[in-house]
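Structure assessment
Residue strings, one per chain:
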Amino acid sequence: MIKNEIKTTCSYCGVGCGIIVKKDMNNKVFVEGDKDHPVNKGMLCSKGMNLHYVANDTSDRILYPEMRWSRSHPRERVSWDTALDRAANVFKSIIKKHGSDAVAFYVSGQSLTEEYYIANKLTKGFLGTNNIDTNSRLCMSSAVVGYKKTFGEDSVPISYDDIELADTFLITGANPAWCHPILFRRIEKRKEENPKVKVIVIDPRKTDSAKFADLHLQLTPGTDVVLYNAIGRCLYKSGLIDEDFIKNHTQGFDGYKEVIFETTLKQASKICGVPAKEIQKAAEMIGLSKGFISMWAMGLNQSVIGTDKNTSLLNLSLITGQVGKPGAGPFSLTGQPNAMGGREVGGMANLLAVHKDLGNEEHRREVAQFWGVDKISAKPGLTATELFDALESGKVKAVWIASTNPLVSMPNSHQIEKAMAKSKFVVVQEISHKADTLNYADLVLPAAAWLEKEGTMTNSERRISYLPKEIEAPGEARPDVEIFCDFAQRMGFRGFNYNGAEEIYDEYASMTKGTNIDVSFLNYDRLKNEGTFQWPVNEYRSKGTPRLFEDKKFYTPSQKAIFNVPSTIENTSVKTNDEFPLILTTGRVRDQWHTMTKTGKVARLKTHYPKPVLEINPVDAYLNKIKDGDITEIKSANGVVRVRAKITDEIKEGVVFLPMHWGKVLNSNLNRANNLTNTHIDPVSKEPDFKFTSVSVSKYKKP
Ligand code: SF4
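Conventions adopted
- Residues numbered from 1 in each chain as written.
- Predicted model: local features only at pLDDT ≥ 70, side-chain atom pairs only at ≥ 80, totals over all residues.
- Helix = DSSP H or I, 4+ residues; strand = E, 2+ residues; numbered from the N terminus.
- Rg over C-alpha atoms; globule rule 2.2 N^0.38 Å.
- Contact = placed C-beta atoms within 7 Å.
- Pairing = 2+ DSSP bridges.
- Axes fitted to C-alpha atoms, helices over the stretch in contact; angles between N-to-C directions.
- Expected span 1.5 Å × (residues − 1).
- Buried ≥ 20, exposed ≤ 12 C-beta atoms within 10 Å, placed from the backbone.
- Near = placed C-beta within 6 Å.
- Nonpolar A, V, L, I, M, F, W, Y, C, P; charged D, E, K, R; others polar.
- Domains from an automatic or database assignment.
- Parallel < 35°, antiparallel > 145°, perpendicular 65-115°, else oblique.
- Left-handed = near helix turned anticlockwise from the far one by under 90°.
- Arc of directions from axis to C-beta.
- UniProt positions renumbered as here; feature names shortened; annotations may be inferred.
- Core = buried A, V, L, I, M, F, W, Y, C linked by C-beta atoms within 7 Å.

**Some thoughts on the overall build of the protein**
Helix and strand counts for the protein come out as 24 helices and 28 strands. Its C-alpha atoms give the protein a radius of gyration of 24 Å, within 12% of the compact-globule value 27 Å for 703 residues. The dimensions of the protein, computed from C-alpha atoms along their principal axes, are 70 × 70 × 60 Å. Sequence separation of at least 24 residues holds for 73% of the intrachain contacts in the protein that already meet a minimum separation of 6.

Here it is, written out as structure tokens:
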């Protein structure tokens, strides 16, 4: 018998599907898709429809704070008072001795907006350091920079509803069929209903998204900028450009034109490994469409040239005038459920709340004034890889890690292990004992999970939803905001005495007034009673804003969108060589989520892709004497992975693929793809490159 039901949002990917949660008399929950939700209209993917198993199974949950007084002692159960007093004392002592920049926070795109806001207020406003970054650095910081450089601000211009109005989709560096399934279902439906709709996929792998496409450009990893410029060149030469839009609403076109003519179509074809006629065909599909949407994710963002890849792709929307109108626009897909919300509240080392910039003195002054502090430090905060480098070198002594598992998710895992071992004090705020990062924790703080706390999230299309608390957290686990606020008060900071998450949201909303992400007309009551809203939600648009830039006024000083030319067209990542001749690219599989601390608990999610395998082309397998199912040893300059081979022509020759999810689940870290990846980062977005590591592959022989 059902006791009650509530509406909430899926806690996995950035699609942000609506879910109805039913609770029975035994307090067990069940989930189903919300038919009235504008995102998924009742549909759920395999991960979403199995969420109740994760919520009901508390066997792996951390129930009490645990602490060790020294590294030579095991952790033991302590009270919350003891745990947070110790954290405050250690942080105070390190700051007194070494300064504020000797401490750091590392948070998550799975944190709720209120949690993100408070962690940033605490760090940047009160601890006096900007050393707070997020695992979203690993997935979408290049997209943020791309939008800022092109539109003047981090602004996703369109909505999922534009899918039903578009007639050409360019999906590049993304596999939404697996990683954003409900959004992909909407594209499939659009094409089923209108066979004239065209789908182009650019990917070195023949993914399920690529198999569905009308045209698959199977490029060599790292050559994206050359390919987008070649498409731009074909568009120009074929007269398929919007001259009026370019003239009246953009700047920098002449520089762009010069760049796209630097490389001939034949040269581009050779560099990218894509036939020239396919590049021309893609340009025709884009240029002849009435509504052109580009969609991308990690294939662009996770690169040493991630910013250039983003701006070069955005240029295709500008040259065709396909922005600010129905069924058109560039659409970056966020991997995590609240990566977008984190961006709104300044949840990265280089950002401040409400899309303000840390590098801007006036912005720092405004935010400091709002929080009632003297100043915000002008010193740039450490981004994800920089933060762990600083832990290793000893510049940062203490780190507080919340809702993320860097031991598995950060590049170059062995370096992360060294950094954690060298740090003086590690706090891990977590829900699951399965998180590998706990191995290094001096203090473990049990956090409440999905359904056990309230707050808001924003999905890929700027849609804000309210997530209610429905069940009690197990043991002594507490909501993250409560933990951060309690710690802040023990540090002696005022301004953290909130009466719940709603007050935090109200504070943030009031801060947005008059900005481009104004949500001052939004509050918990409206979210609970009226449903979801897309920002801005202000006095002019009290129902929200599905589409930006319909007036063609962009957020740049000139109000024109900007054509950016790439700093280089070359992929400046590590090159392949005789020792490491193959390119490794890593990514997600359909039914797993991040480091599997949640999806790994669900038996039925293990059937689709039960174990990590190395996907390798038949030619590369032959050259390396590998048979299907052989245990392979994959080596890079950073480490080793041993997994079985899956020989498939779905991956381009010269490229191999490993899934990113597995850590020590099989009591060995030899499954962990990030043993191999490098910490090279984009110089502007500081996003690491998970899509290009040079490796060798051989059949493993037992010694
Ligand atoms: Fe959840 Fe994403 Fe699946 Fe929707 S598509 S159910 S948000 S994991």
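**Section: the sheet that holds strand 27 (residues 655-659)**
Read around the closed barrel, six strands run 23-27-24-26-25-28, paired in mixed fashion. With strand direction ignored, the average angle separating the axes of adjacent strands in the sheet is 45°. Looking at chain direction, strand 24 (residues 613-616) and strand 26 (residues 640-647) are connected through four bridges and run parallel. Across the sheet, the residue bridging to Glu615 is Lys646, located in strand 26.

**Some remarks on helix 13 (residues 276-287)**
Taking 1.5 Å of rise per residue, twelve residues should cover 16 Å, and helix 13 covers 16 Å from first to last C-alpha, within 8% of that figure. Where helix 13 is concerned, the buried positions are Ile279, Ala282, Ala283, Met285, Ile286 and Gly287.

**What to know about the environment of Lys28**
Position of Lys28 relative to the elements: it lies in the loop between strand 2 (18-24) and strand 3 (29-33). On the basis of neighbour counts, which here come to 13 C-beta atoms within 10 Å, the residue Lys28 falls in the partly exposed class. Sequence-wise, Lys28 and Lys3 are 25 residues apart; in three dimensions their C-alpha atoms are separated by 9.8 Å.

**Topic: the sheet that holds strand 21 (residues 533-534)**
One open sheet accounts for three strands, arranged 19-20-21; its pairing is antiparallel. At either end of the open sheet lies a strand with only one pairing partner, and these are strand 19 (455-458) and strand 21. Both strand 20 (residues 463-467) and strand 21 contribute to a ladder of two bridges, which runs antiparallel. The residue bridging Arg463 from the neighbouring strand is Gln534, located in strand 21.

**Comments concerning the site of the ligand**
Surveying the vicinity of the ligand reveals 14 residues, the closest of which are Cys10, Cys13, Cys17, Cys45 and Gly48. Counting only elements with at least two residues in the shell around the ligand, the list comes to helix 1 (46-49) and helix 7 (181-193). Counted by class, the shell around the ligand contains nine nonpolar, four polar and one charged residues. In terms of domain composition, the shell around the ligand takes at least three residues from each of domain 1 (2-56) and domain 3 (141-333).

**Observations regarding the packing of helix 3 (residues 80-98) against helix 21 (residues 480-490)**
Two numbers describe how helix 3 lies on helix 21: the axes approach to 9 Å, and their chain directions differ by 55°. When the interaxial angle is binned, helix 3 and helix 21 end up oblique. The handedness of the crossing between helix 3 and helix 21 is right-handed. Here Leu84, Asp85, Ala87 and Ala88 of helix 3 come into contact with helix 21, specifically with Asp486, Phe487 and Arg490. Within the contact of helix 3 with helix 21, the residues separate by chemical class into four nonpolar, no polar and three charged.

**Some thoughts on helix 3**
Here helix 3 contains 19 residues, and its C-alpha end-to-end distance of 26 Å stays within 8% of the 27 Å for a straight helix at 1.5 Å per residue. Among all positions of helix 3, only Ala83, Leu84, Ala87 and Phe91 are buried. Take helix 3 and look down its axis: the buried residues cluster within an arc of 85°, on one side only. For helix 3, the exposed residues set more than 90 degrees away from the buried face come down to Asp81, Asn89, Lys96 and Lys97. Looking at the buried side of helix 3, the elements it contacts are strand 4 (66-67), strand 6 (103-107), strand 16 (398-402), strand 17 (425-430), strand 18 (443-446) and helix 21. Following helix 3 by one or two positions, Gly99 has its phi on the positive side, about 95°.

**Notes on the domain arrangement of the protein**
Where interface size is quoted, it is often the accessible area lost as the parts come together. In terms of domain boundaries, the protein breaks down into domain 1 (2-56), domain 2 (71-136 + 345-449 + 479-489), domain 3 (141-333) and domain 4 (582-699). For domain 3 and domain 4, the distance between their C-alpha centres works out to 27 Å. Counting residues at the interface gives 22 residues for domain 3 and 23 residues for domain 4. With four residues, helix 5 (residues 141-151) is the largest single contributor of residues to the side of domain 3 that touches domain 4. Looking at the side of domain 3 that touches domain 4, its residues break down into nine nonpolar, eleven polar and two charged.

**Quick look at the UniProt feature "domain: 4Fe-4S Mo/W bis-MGD-type" (unreviewed entry) in the protein**
Under the UniProt annotation, "domain: 4Fe-4S Mo/W bis-MGD-type" (unreviewed entry) lies at residues 3-59. Taken end to end, residues 3-59 is 18% helix and 33% strand, and its first and last C-alpha atoms sit 24 Å apart.

**Considering the pairing of strand 17**
Among the six residues that make up strand 17, five are buried, leaving the element largely enclosed by the rest of the structure. Pairing between strand 16 and strand 17: five bridges, direction parallel. Of the residues in strand 17, the one forming a bridge with Ala402 is Gln429.

**Description of the nonpolar core**
Counting 191 residues, the largest nonpolar core has Ile200, Leu227 and Ile231 as the members making the most contacts within it. If one sorts the elements of this core by residue count, helix 9 (residues 224-237) sits on top with eight residues. Setting aside residues up to four positions removed in sequence, Ile200 forms contacts with Phe169, Leu170, Ala213, Asp214, Leu215, Leu217, Ala282 and Met285. Core analysis: the second largest hydrophobic core is formed by 25 residues, Val613, Leu614, Ile634 and Val697 among them.

**With respect to the packing of helix 18 (residues 384-393) against helix 20 (residues 413-422)**
Axes are the key here: two packed helices are described by the angle between their axes and the distance separating the axes. Across the interface, helix 18 lies against helix 20 with an axial gap of 7 Å and an inter-helix angle of 50°. As far as their axial angle goes, helix 20 and helix 18 are oblique. When you trace helix 18 past helix 20, the crossing you get is left-handed. Seen from helix 18, the contacting residues are Phe388, Leu391 and Glu392; seen from helix 20, they are Gln415, Ile416, Lys418, Ala419, Met420 and Lys422. In terms of residue class, the contact of helix 18 with helix 20 is made up of five nonpolar, one polar and three charged.

**Digging into unusual backbone geometry**
Look at the link from Trp535 to Pro536: it is a cis peptide, with omega at 0°. Tracing the backbone shows Pro536 in the loop between strand 21 and strand 22 (561-562). We note that Asn27 has phi near 65°; this positive angle belongs to a residue other than glycine. With respect to the helices and strands, the residue Asn27 is situated in the loop between strand 2 and strand 3. Asn27 sits in the exposed class, given 11 other C-beta atoms within 10 Å. The residue Leu451 is not glycine, and still its phi comes out positive at about 80°.

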